[in-house]
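# A look at the structure
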Amino acid sequence: MDTLILAAEGPVNPVIPHTSEIILGLVAFLLLLFVIKKFVSPRFEALYEERTAKIEGGIEKAEQAQAEAQRALEQYKEQLAEARAEAARIRDDARAEGLQIVEEMREQAQAESARIVAQGQHQLDAQRAQIVAELRADLGRTAVELASKVVGESLEDDSRRRGTVDRFLNELDAVAAPASK
């Protein structure tokens, strides 16, 4: 009889499930859908929002960092330009100071040279005066000795001798002065 019941139902298709399996599968699917909608989906939504906030925050932070880096770059460029201007000013000041030092050294050297020349001239004049005085004294003694021999009288008297020597030297200077002009 069993065979009859089975035959009465008709041929069984193995691909199409029984109605009870479809209902049970539908109930399980709806139950799974409810659990996913109630518990899992809000968690995923919260994670997505958190992730989105982090990404947007990261983008904002990156934009802020980029803006700050741009400001720092501009500030660096300004400082670099100021440093270059300062370096140029320092170089110009150093050149001017160097020229001033060279000029001062030149003036000092010229002053020292003039002082040395003046000192040498002064020494020459002093030596010349000393030599002239010594020559006058020698010439005076020699003249007194010669005059004593020529005149035959002694010129030992100081005042006489001095007068005679001075007169002789003045005459000698008068003769030598027109010849040197």
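Residues numbered from 1 in each chain as written. Predicted model: local features only at pLDDT ≥ 70, side-chain atom pairs only at ≥ 80, totals over all residues. Heavy atoms only, no water.

### Notes on the overall build of the protein
As a reminder, the rule being used: Numbering of helices and strands runs from the N terminus; a helix is a DSSP stretch of H or I covering at least four residues, while a strand is a stretch of E covering at least two. In this scheme, a residue with accessible area under 20% of its type's maximum is buried, one over 50% is exposed, and one in between is partly exposed, where area comes from a 1.4 Å probe on protein chains only. Per-residue and other accessible areas were derived by the Shrake-Rupley procedure at a 1.4 Å probe size, with only the shown protein chains allowed to occlude residues.
Scanning the protein from N- to C-terminus turns up three helices and zero strands. When the helices and strands of the protein are read in sequence order from the N terminus, they spell out α-α-α. Counting every position in the protein, which comprises 181 residues, the buried fraction comes to 4%. Here the protein has roughly 16200 Å² of accessible surface; of this, 61% comes from carbon and sulfur atoms.

### Side note on the confidence of the model for the protein
Applied cut-off: A residue's pLDDT is the predictor's confidence in that residue, given on a scale from 0 to 100.
Mean pLDDT for the protein: 84, with 85% of residues reaching 70 or above. Here helix α1 (residues 2–9) stands out as the least confident element of the protein, with mean pLDDT 49; helix α2 (residues 19–151) is the most confident, with 90.

### What about the packing of aromatic side chains?
A ring pair, where both rings are aromatic, is described by two values, the distance of the centres and the angle of the planes. For clarity, the cut-off: Two aromatic rings, drawn from Phe, Tyr or Trp (for Trp, its six-membered ring), form a pair once their centres lie within 6.5 Å of each other, and the interplanar angle then sorts them: stacked below 30 degrees, edge-to-face above 60, tilted otherwise.
According to the stated counting rule, one finds one aromatic pair in the structure shown. An angle of 25° between the planes, with centres 6.2 Å apart, marks the rings of F44 and Y48 as stacked. Of this pair, F44 and Y48 both sit in helix α2, separated by four residues, roughly a single helical turn. Classification of Y48 by relative accessible area gives exposed; the value is 51%.

### Description of the UniProt feature "transmembrane region" (unreviewed entry) in the protein
Threshold: UniProt positions are given in the numbering used here, feature names are shortened, and annotations may be inferred rather than shown by experiment.
Here, the residues flagged by UniProt with the feature "transmembrane region" (unreviewed entry) are residues 15–36. The span residues 15–36 is 82% helical and 0% strand by assignment, and the distance between its end C-alpha atoms comes to 29 Å.

### Comments concerning the environment of V144
Counting through the fold element by element, V144 comes out in helix α2. Each C-alpha atom of the pair V144 and V165 lies 7.2 Å from the other, and the pair is 21 residues apart in sequence.

### Brief notes about the pattern of salt bridges
This is how the line gets drawn: Salt-bridge detection follows one rule: a side-chain nitrogen of Lys or Arg within 4 Å of a carboxyl oxygen of Asp or Glu.
Evaluation of the coordinates by the stated rule reveals six salt bridges. Where E86 meets R89, a salt bridge forms, and the shortest distance between an N and an O atom there is 2.3 Å. Remark: R89 and E86 occur in helix α2; sequence separation between them is three residues, near one turn of the helix. Between R89 and D93 there is a salt bridge, and its shortest N-O distance comes to 2.9 Å.

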